[in-house]
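Structural overview for review
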Amino acid sequence: MIRVQREDFDTGAELARLSADNLGVGGVAAFVGLVRDMAGDETLTAMELEHYPGMTEKALADIEAEAKRRWPLEASLIIHRHGTLEPGDRIVLVATASAHRQAAFEACQFLVDWLKTKAPFWKREETAGGHRWVDARSADDTQAARWESGKAAG
Amino acid sequence: MIRVQREDFDTGAELARLSADNLGVGGVAAFVGLVRDMAGDETLTAMELEHYPGMTEKALADIEAEAKRRWPLEASLIIHRHGTLEPGDRIVLVATASAHRQAAFEACQFLVDWLKTKAPFWKREETAGGHRWVDARSADDTQAARWESGKAAG
Amino acid sequence: MKIVYFAWLREKTGCAEEEVSPPESVTDVRGLVEWLCSRGDGYAEAFADLGPVRVAVNLEYVKLDQAVGPDDEVAFFPPVTGG
Amino acid sequence: MKIVYFAWLREKTGCAEEEVSPPESVTDVRGLVEWLCSRGDGYAEAFADLGPVRVAVNLEYVKLDQAVGPDDEVAFFPPVTGG
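The structure reproduced in this document is the subject of the present report. Each chain has its residues counted from 1, following the order in which its sequence is written. Both sets of labels track the order of writing: A upward for chains, 1 upward for ligands. pLDDT decides what is reported in this predicted model: residues at 70 or higher carry local features, side-chain atom pairs at 80 or more are listed and counted, and totals for whole chains, interfaces and linings draw on all residues regardless. The basis for the side-chain values is all heavy atoms of the structure; hydrogens and waters are excluded.

There are three pairs of chains in contact here; the most contacts are made by chains A and B. Here chain B and chain C are not in contact; the least distance found between their C-alpha atoms is 10 Å. Contacts are residue-level and defined by heavy atoms, with any inter-residue pair within 4.5 Å sufficient. The smallest C-alpha distance separating chain A from chain D is 10 Å, and no contact links them.

Next comes the structure, spelled out in structure tokens:
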């Protein structure tokens, strides 16, 4: 399931829904991304999250389909917010449900890694000094590249 | 933070608490373990979780301290239930908060892997055919052994 | 042809979205970028270095040699930074 | 000396917890197990195969050659299966 929205989400309710009515789920792995208060050396006052409506949903659905191809998932969920966020706000929830924990963990990490390098979102940090578009991190490319072989990792 | 309890827990509230008042947290990784409805080929009617009061808390605190030694965590949480559980019930919540997602993910997985092989809990499955103590899985030992070198994995 | 711009490409071109009718000589993304650059300083500045520019045609990532035509939606944006 | 048993070791010995006073010749866990086995069929059955038996003394995992004395708490249990 994919959702792109301005509104916050209820992490507990979303995770509970992922395994509701499915007694084959043994583990749910989840990641919640939050806005930190630092932008480099400066204090972040706000973060603007821009995205490409239409392509975002398609990119996330493609990533989710790839995870389901690689791991035996009972369910998965990506919720990504856009718009203006403040330090401490939730940005993203990625969650996976599987019979076994290792599949859930790996698929969750895969989804986050690929989302960070493939889904068309852009962060703009606002500080007292003005605003600045966040640069893509080469570490994120490295993380994402781990999964390029098409194999589930160890 | 360690909690061993009979009562269920509120996943959303627990995860929110982990990053509350700490604007340096960029990511929270979490794992929720659930009771499945299968015990081998049989339908599970209930699961009894026995533990060793005193040693459980100590073992979990040791595991958590080791995770904090290995990764730069802002916070961590292990809640493990005991007593009688039914299919679909939550058993365990493991969560880690860090500035960066990779540390949160790795530490969360480490905590679950070590908890599974070091914390004194025992599961007894109840089916129509009677009851049976769950055997330790060699796969769990393999998972846990990944972390024995004392190094954070890649 | 519909063109959309995001993040600093939107700011530099001063445009979020526009309908354009490039000449018939424009057949691929590279030709489209060259033609767009001729339309003003903001465009020339936005596309001065194509290294950090990503392109999608009809919501799919493509390379500069991707063919484009009148019915396509072409998007220009920097490397993504979500999550 | 306090002895505690968990899971099927508790069921086989028929005992969750007991205070015992083994003879002075019992100085380590291995000796303690041998002495416990002499106390009844349930004990002998529980400890027939020590392969799947784990031991903790004063809440720490130990091996069979761990020294034990009157003030210790000794726990016997199978490999753990929590999480």
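The next subject is unusual backbone geometry. Even without being glycine, C:Asn58 reaches a positive phi, approximately 50°. Take C:Asn58: it is sitting in the loop between strand E3 (54–57) and strand E4 (60–62). Phi angles above zero are rare outside glycine, and D:Ala7 is one such case at about 55°. Helix and strand labels come from DSSP, where a helix needs a run of H or I of at least four residues and a strand needs a run of E of at least two; each type is numbered from the N terminus. Within the secondary structure, D:Ala7 is located in helix H1 (residues 7–13).

A few words now on the packing of aromatic side chains. Here a Phe, Tyr or Trp ring, Trp counted by its six-membered ring, pairs with any other such ring whose centre lies within 6.5 Å, and the pair is stacked when the planes are under 30 degrees apart, edge-to-face when over 60, and tilted otherwise. Scanning the entire structure with this criterion turns up 28 aromatic pairs over all chains. Between A:Trp71 and A:Phe110 the ring centres are 5.2 Å apart and the planes differ by 55°, which places this aromatic pair in the tilted class. Residue A:Trp71 is found in the loop between helix H2 (55–70) and strand E5 (73–81), and its partner A:Phe110 is found in helix H3 (residues 101–118); the two are separated by 39 residues along the sequence. Here the two residues A:Trp71 and A:Phe110 agree in accessibility, since each one is buried. Three or more aromatic residues joined by ring pairs make a cluster, and in this case those are A:Tyr52, A:Trp122, C:Phe6, C:Tyr61 and C:Phe77. The rule for a charge over a ring is simple: NZ of Lys or CZ of Arg within 6 Å of the ring centre, and within 35 degrees of the ring normal. Between B:Arg90 and the ring centre of B:Phe9, over which it is positioned, the NZ or CZ distance is 5.8 Å. Of note, D:Arg39 hangs over the ring of D:Tyr43, and the distance from its end group to the ring centre comes to 5.2 Å. Per-residue accessibility, obtained with a 1.4 Å probe over protein chains only, is compared with the maximum for each type, and a residue is labelled buried under 20%, exposed over 50%, and partly exposed between these values.

Nothing here speaks to function; it is geometry throughout.
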